[in-house]
Amino acid sequence: GYVETDYFRIRTFKNGNAHLWFTRPDLVDKANELLADYYGEVLPDAAPASADDRDLRSKSGALSKDLAFYPTPPKVIAAVMNLIANQRGGPSYIKGQAALEPSAGTGNIVEALVKSGLRVTAIEVEGGRAQQLNLLARRIGFKAIRANFLRVTPNPIFDIVVMNPPFYGTHWMGHVTHAFEFLKPGGHLYAILPATAEVGDSAKHKKFRDW
């Protein structure tokens with residue numbers, strides 16, 4: 001459903017979610033103050049007012065201004081792995097296929113990929129997490145690389161890409177479009193993205209959805 005008033009617009013979905021847009025900046029500020037009082041400081045995942053639609057990716061390959069790290073929850077990983085198995089012909093079919101995790105963190109998604117029998121390459125840029133990823137690689141067996149993924153030259157050798165990219169601003173768009181170039185023909189990309197990927201109103205969000 002959809003409702004619009006002088007103060008807000010709200011769209012509801014069959015899964016029980018609702019997306020809310022305030023029509024005045026002062027209402028946005030007030031809502032953020034209330035959320036901060038309840039949850040503490042949080043990171044935005046929407047495009048800033050200065051965002052434009054010149055491109056979906058960082059031409060410089062620069063890192064996000066905020067490298068805040070949020071491990072992927074087990075329930076989300078389980079849902080993604082179930083989707084992969086269903087779309088790729090079942091659990092037995094995906095064994096031995098090549099998978100890339102380009103924002104691997106400490107390896108939560110990687111562990112699930114390896115457990116499913118995939119041949120995994122994992123990339124992480126931050127030093128401490130890259131060290132943890134290397135330790136995990138020695139223990140369960142996969143290729144771990146420390147690098148800025150946005151500056152890794154695409155090599156279309158992967159059957160599957162699974163990613164939970166940085167959400168800051170619209171930085172995730174560049175990660176997703178870059179990751180797509182690493183897929184073989186017929187490959188699948190699975191990206192965990194902020195809700196604004198679906199409902200963001202900026203020109204950049206709309207361009208991403210068109211892409």
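Please read all numbers here as calculations on a predicted model, not as lab measurements.

Enquirer: What exactly am I supposed to notice about the overall build of the chain here?
Expert: Scanning the chain from terminus to terminus reveals 8 helices and 8 strands. For the chain, the residues scored as buried account for 37% of the 211 residues in total. Within the chain, contacts between residues separated by at least 24 positions form 61% of all contacts whose residues are at least 6 apart in sequence. Accessible area for the chain stands at about 12500 Å²; split by element, carbon and sulfur atoms hold 54% of it.

Enquirer: How should the nonpolar core be read in this particular structure?
Expert: Nonpolar side chains in soluble globular proteins tend to be buried together. Grouped together as the largest cluster of nonpolar side chains are 23 residues, with contacts concentrated most on Ile-84, Leu-113, Val-120, Phe-142 and Val-162. Contributing elements (two or more residues each) for this core: helix 2 (74-87), helix 4 (108-115), strand 5 (119-124), helix 5 (127-140) and strand 7 (158-163). When residues of this core are assigned to their parent elements, the largest contribution, 5 residues, is made by helix 4. If we skip the residues at most four places from it in the chain, Val-120 touches Ala-99, Val-110, Leu-113, Val-114, Phe-142 and Lys-143. Judged by nonpolar contacts, the second largest core, of 15 residues, contains Ala-98, Met-163, Met-173 and Ala-197.

Enquirer: I keep staring at helix 2 and nothing clicks. Help me out?
Expert: At 3.6 residues per turn, the α-helix brings residues three or four places apart onto the same side. Given a rise of 1.5 Å per residue, 14 residues ought to cover 20 Å, and the 20 Å separating the end C-alpha atoms of helix 2 matches this to within 8%. Looking at helix 2, one finds that the buried residues are Ile-77, Val-80, Met-81, Ile-84 and Ala-85. Looking straight down helix 2, one finds that the buried residues subtend no more than 135 degrees of arc, so they occupy a single side. Away from its buried face, by an angle of more than 90 degrees, helix 2 presents the exposed residues Lys-75 and Asn-86. Phi turns positive, to about 100 degrees, at Gly-89, one or two residues after helix 2.

Enquirer: How do you make sense of the pairing of strand 2 (residues 8-12) when you look at a structure like this?
Expert: The side chains of a regular strand alternate between the sheet's two faces. With 3 bridges connecting them, strand 1 (residues 2-4) and strand 2 associate as antiparallel partners. Paired with Glu-4 across the bridge in strand 2 is Arg-9. Count of turn residues in the strand 1/strand 2 antiparallel hairpin: 3 residues. For strand 2 and strand 3 (residues 18-22), the ladder comprises 5 bridges, and the chain directions are antiparallel. Note that in strand 3 the partner of Arg-11 across the bridge is His-19.

Enquirer: Is there a simple way to explain the confidence of the model for the chain in this structure?
Expert: Residue-level pLDDT values for the chain average 84, and 82% of them are 70 or greater. The lowest-confidence element of the chain is helix 1 (residues 25-39), averaging 69 in pLDDT; the highest-confidence one is strand 4 (residues 98-101), averaging 98. A low-confidence stretch, residues 41-49 (pLDDT under 50), is modelled with 18 contacts involving residues beyond four sequence positions or located in other chains. Every residue in residues 51-56 is under pLDDT 50, and counting partners more than four places away or in other chains gives 14 contacts.

Enquirer: Could you clarify how one ought to interpret the side chain of His-205 in this entry?
Expert: Here His-205 is to be found in helix 8 (residues 203-210). Within the structure, His-205 has its side chain in polar contact with the side chain of Ser-202 (distance 2.7 Å).

Enquirer: How do you make sense of helix 5 when you look at a structure like this?
Expert: In this model helix 5 runs 20 Å from its N-terminal to its C-terminal C-alpha over 14 residues, within 8% of the 20 Å that 1.5 Å per residue would give. Listed as buried for helix 5 are Gly-127, Arg-129, Ala-130, Leu-133, Leu-136 and Ala-137. Those residues of helix 5 that are buried are in contact with helix 4, strand 5 and strand 6 (143-146). The backbone nitrogen of Gly-128 lies 3.1 Å from a side-chain oxygen of the residue at the head of helix 5, namely Glu-126. The positive-phi residue at the C-terminal boundary of helix 5 is Gly-141, with phi of around 90 degrees.

Criteria and cut-off values
- Along each chain, numbering runs from 1 in the same order as the chain's sequence is written.
- It should be noted that, the model being predicted, local features are given only for residues of pLDDT at least 70 and side-chain atom pairs only at 80 or more, the latter also being counted only at that level, while totals for whole chains, interfaces and linings use all residues.
- Hydrogens and waters are ignored; side-chain quantities use all the structure's heavy atoms.
- Helix and strand definitions follow DSSP, with helices as H or I runs of at least four residues and strands as E runs of at least two, each counted in order from the N terminus.
- Here's how the labels work: a residue is buried when its accessible area is under 20% of the maximum for its type, exposed when over 50%, partly exposed in between, all with a 1.4 Å probe on protein chains only.
- Contact definition: two residues touch when any of their heavy atoms are within 4.5 Å.
- Here the open area of atoms and residues is found with the Shrake-Rupley method and a 1.4 Å probe, where only the protein chains shown may cover a residue.
- Only buried residues count toward a nonpolar core, which is a set of Ala, Val, Leu, Ile, Met, Phe, Trp, Tyr and Cys residues joined through side-chain atoms within 4.5 Å.
- What a helix is expected to span follows from its residue count: subtract one and scale by 1.5 Å.
- Note: the arc covers the axis-to-C-beta directions of the helix.
- Strands qualify as paired when DSSP identifies two bridges or more between them.
- What pLDDT reports is the predictor's confidence in each residue, on a scale of 0 through 100.
- Contacts described as polar in this section are N or O atom pairs within 3.5 Å, which, within protein, must combine one atom able to donate a hydrogen with one able to accept it, while residues neighboring in sequence count only if both atoms come from side chains.

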